[in-house]
Amino acid sequence: MLNILKNQDPKIADAIILELERQRNVIELIPSENFVSPAVLESLGSVLTNKYAEGYPGSRYYGGTENVDVIENLARERAKELFGAEHVNVQPLSGAPANIAAYFALLEPGDTILGMDLSHGGHLTHGSPVTYMSKIFNFIRYKTNKETGLIDYENLRQMAIENKPKLILVGYSAYSREIDYEKIKQIADEVKAMTMADIAHIAGLIAGGAMKNPVPLFDVVTTTTHKTLRGPRGGMIMCKEKFAKQIDKAVFPGFQGGPHEHNIAAKAVAFKEAIQPEFREYAKQILLNAKALEKTLKELDFKIMFGQTENHLLLIDLSNKNISGKEAQELLDKVNITCNKNMIPDDPRKPMDPSGIRLGTPAMTTRGFKESDFEIVGDLISRTLENKADETALAEIKNEVLELTRKFPLYPELSAK
Ligand code: DSN
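Quantities reported herein were computed from a predicted structural model and do not represent experimental measurements.

Draft legend 1. Up close: the site of the ligand. Around the ligand, the neighbouring residues are Ser32, His123, Ser173, His201, Lys227 and Arg358. Side-chain polar atom of His201 to an oxygen atom of the ligand: 2.7 Å apart, as the coordinates give it. Here Arg358 contributes a side-chain N or O atom positioned 2.8 Å from an oxygen atom of the ligand. For the ligand, whose accessible area on its own is 230 Å², the fraction buried by protein is 63%. Across the shell around the ligand, the residue classes tally to no nonpolar, four polar and two charged.

Draft legend 2. Seen up close, the packing of helix α13 (residues 325-334) against helix α15 (residues 371-386). Two elements in contact, α13 and α15, have axes separated by 10 Å at closest approach and are oriented at 110°. By the criterion of interaxial angle, the relationship of α13 to α15 is roughly perpendicular. Of the two elements, α13 crosses α15, and the hand of that crossing is right-handed. From α13, Ala328, Leu331 and Leu332 reach across to α15, where they touch Ile381, Thr384 and Leu385. Partitioning the contact of α13 with α15 into residue classes produces five nonpolar, one polar and no charged.

Draft legend 3. The arrangement of the environment of Pro354 in detail. Mapped onto the elements of the fold, Pro354 is located in the loop between β14 (340-342) and β15 (356-360). In sequence terms Pro354 and Glu327 are 27 residues apart; their C-alpha atoms lie 9.5 Å from each other. Excluding its chain neighbours within four sequence positions, the residues that come into contact with Pro354 are Ser324, Gly325, Lys326, Lys341, Asn342, Met343, Asp347 and Arg349.

Draft legend 4. Main features of the nonpolar core. Counting 60 residues, the largest nonpolar core has Phe83, Tyr142, Ile168, Val170, Tyr181, Ile199 and Met238 as its most contacted members. Among the elements that take part in this core, helix α4 (residues 66-83) stands out by supplying six residues, more than any other. If sequence neighbours within four positions are ignored, Ile199 has contacts with Phe83, Tyr181, Ile206, Pro214, Val221, Thr222, Thr223 and Met238. One finds Leu314, Val335, Cys339 and Val401 within the second-largest nonpolar core, a separate group that totals 40 residues.

Draft legend 5. Examining the sheet that holds strand β12 (residues 313-317) more closely. Strand order in this open sheet of four strands is β11-β12-β15-β14, and the pairing throughout is antiparallel. The open sheet has two edge strands with one neighbour each: β11 (303-304) and β14. Across two bridges, the pairing between β11 and β12 is antiparallel. Residue pairing in the sheet places Ile304 in a bridge with Ile316 of β12. Each of β14 and β15 touches α13; the most contacted strand, β15, lies at about 45° to it.

Draft legend 6. Structural context of the side chain of Ser119. Mapped onto the elements of the fold, Ser119 is located in the loop between β5 (112-116) and α6 (133-136). A polar side-chain atom of Ser119 sits 2.9 Å from a polar atom in the side chain of Asp117. The residues contacting Ser119, other than those within four sequence positions of it, are Met343, Ile344, Pro345, Asp346 and Asp347.

Draft legend 7. View of the sheet that holds strand β7 (residues 167-170). Taken in spatial order, the seven strands of this open sheet run β4-β10-β9-β8-β7-β5-β6, and their pairing is mixed. Every other strand in the sheet has two partners, leaving β4 (87-89) and β6 (138-142) as the edge strands with one partner each. Between one strand axis and the next, the sheet turns through 20° on average, direction left out of account. Alignment of β7 against strand β8 (residues 194-198), held across four bridges, turns out to be parallel. The residue of β8 that forms the bridge with Leu167 is Met194. The strands that α4 touches are β4 and β10 (235-239); relative to β4, the one it contacts most, it runs at about 130°. Of the strands in this sheet, β5, β6 and β7 touch helix α7 (residues 153-163), which is tilted by about 155° from β6.

Draft legend 8. Quick look at the side chain of Asn342. Within the element layout of this structure, Asn342 appears in strand β14. Engagement of the side chain of Asn342 in a polar contact is seen with the side chain of Asn340, the distance being 3.3 Å. Side-chain polar atoms of Asn342 contact the side chain of Arg358, separated by 3.5 Å. Residue contacts for Asn342: discarding those within four places in its chain leaves Ala174, Leu315, Asp347, Pro354, Ser355, Gly356, Ile357 and Arg358.

Draft legend 9. Region of interest: helix α2 (residues 10-25). The terminal C-alpha atoms of α2, which comprises 16 residues, lie 22 Å apart, in line with the 22 Å expected from a rise of 1.5 Å per residue. Looking at the packing, one finds that the buried side of α2 touches α1 (3-8) and α16 (391-406).

Draft legend 10. The packing of aromatic side chains, seen in detail. Here the structure, examined in full by the defined rule, presents eleven aromatic pairs. Relative to Phe139, the ring of Tyr103 has its centre 5.6 Å away and its plane inclined at 70°; by these criteria the two rings are edge-to-face. With Tyr103 in helix α5 (residues 95-106) and Phe139 in strand β6, this pair connects stretches of sequence that are 36 residues apart. The buried category is assigned to Tyr103, whose relative accessible area is 0%. The exposure class assigned to Phe139 is buried, which follows from its relative accessible area of 9%. Geometrically, the ring pair formed by Phe369 and Phe374 is edge-to-face, given 5.6 Å between the ring centres and 70° between the ring planes. For Phe369, a relative accessible area of 0% gives the class buried.

What counts and what doesn't
Residues numbered from 1 in each chain as written. Predicted model: local features only at pLDDT ≥ 70, side-chain atom pairs only at ≥ 80, totals over all residues. Heavy atoms only, no water. Near = heavy atom within 4 Å. Polar contact = N/O pair within 3.5 Å; in protein donor to acceptor, adjacent residues only side chain to side chain. Areas by Shrake-Rupley, 256 points an atom, 1.4 Å probe, with all protein chains shown as cover. Nonpolar A, V, L, I, M, F, W, Y, C, P; charged D, E, K, R; others polar. Axes fitted to C-alpha atoms, helices over the stretch in contact; angles between N-to-C directions. Helix = DSSP H or I, 4+ residues; strand = E, 2+ residues; numbered from the N terminus. Parallel < 35°, antiparallel > 145°, perpendicular 65-115°, else oblique. Left-handed = near helix turned anticlockwise from the far one by under 90°. Contact = heavy atoms within 4.5 Å. Core = buried A, V, L, I, M, F, W, Y, C linked by side-chain atoms within 4.5 Å. Buried < 20%, exposed > 50% of the residue type's maximum accessible area, 1.4 Å probe, protein only. Pairing = 2+ DSSP bridges. Expected span 1.5 Å × (residues − 1). Phe/Tyr/Trp six-rings, centres within 6.5 Å; stacked < 30°, edge-to-face > 60°.

Listed below in structure tokens is the structure:
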């Protein structure tokens, strides 16, 4: 692969080839990552990257847009079919721009948004004080309940009554439970707020019928396309028809310029893949694998936050294991297990060295891992953390990881030569 690039720019070609090798040789547990199909990769590397197409299909500011119009229309129609959406905008460049465009479509500066606290599983763009959006909108943050691990819906309702938000926001990056969209909608109706779900993490699980779908119920639903949905890196907004014009205007010209049509083509390809019956099996297997990993880790005395997992991820509190999240991530990197350090609810430690790690099953499920493989993964993680000072044991674990990954070839059609 990369025969032209190797001659023209060997440094970049070498780094890409090394990255392919790295992806092949690790157990990838970052819950927001996945492996796209070769057809998605081909679309991303296509001549569509050359084209400017500000505007929307049938109404562009540039000539020569007849082919990209076909592509963008297909992406929109397939997304509508997949999620049962009334209107779809496939132009957001990624999840953060999608959320920002949605806020500006629905709200005025200074308006109040009720979203989940970051350390309880929310996302940076849901009002973290380090973001610019937190200076423009008035974010208030609800939390999960310590005892049940669930979103504290009663507290959320009280906060909504007291603060009268214009928008109630659900959808999380580290929360591992199902979401009661009906309850949120009832609260929103009670205080006359609009509803928004950011389903970036679980979009593939929803598309595959393995989790509840907020799209028919909520006003606006944003997502990325590259996580469980297994498409290219990008974003998307779905909404009720009554918000269609303001959503489209907020994306372009409100916030973005020219859409990335190579990316939109790759989204369309991924949506077609997600419509196939095999994708339902994939979504189901992600959940089965997460449960298998959870069972093994619980038996090995790992503390699972939020009580349990009902989706693709596990947030683990490592404070009983005498190791921080940062140390654990670095140690696991050494044995070719990739995950990310993560805050736990109300974490007493700092974000760059928090108390937990976050583990997910989507990427390795794409490679073909089943429950028994994830039982082995749980065991490998535990042994790694127990043997942190034993280089021989760590080398042995790394060999076991390599043996396991070799059984599940990644991109066999791509040659590193
Ligand atoms: N950075 C993504 C994640 O890892 O969850 C969310 O945007």
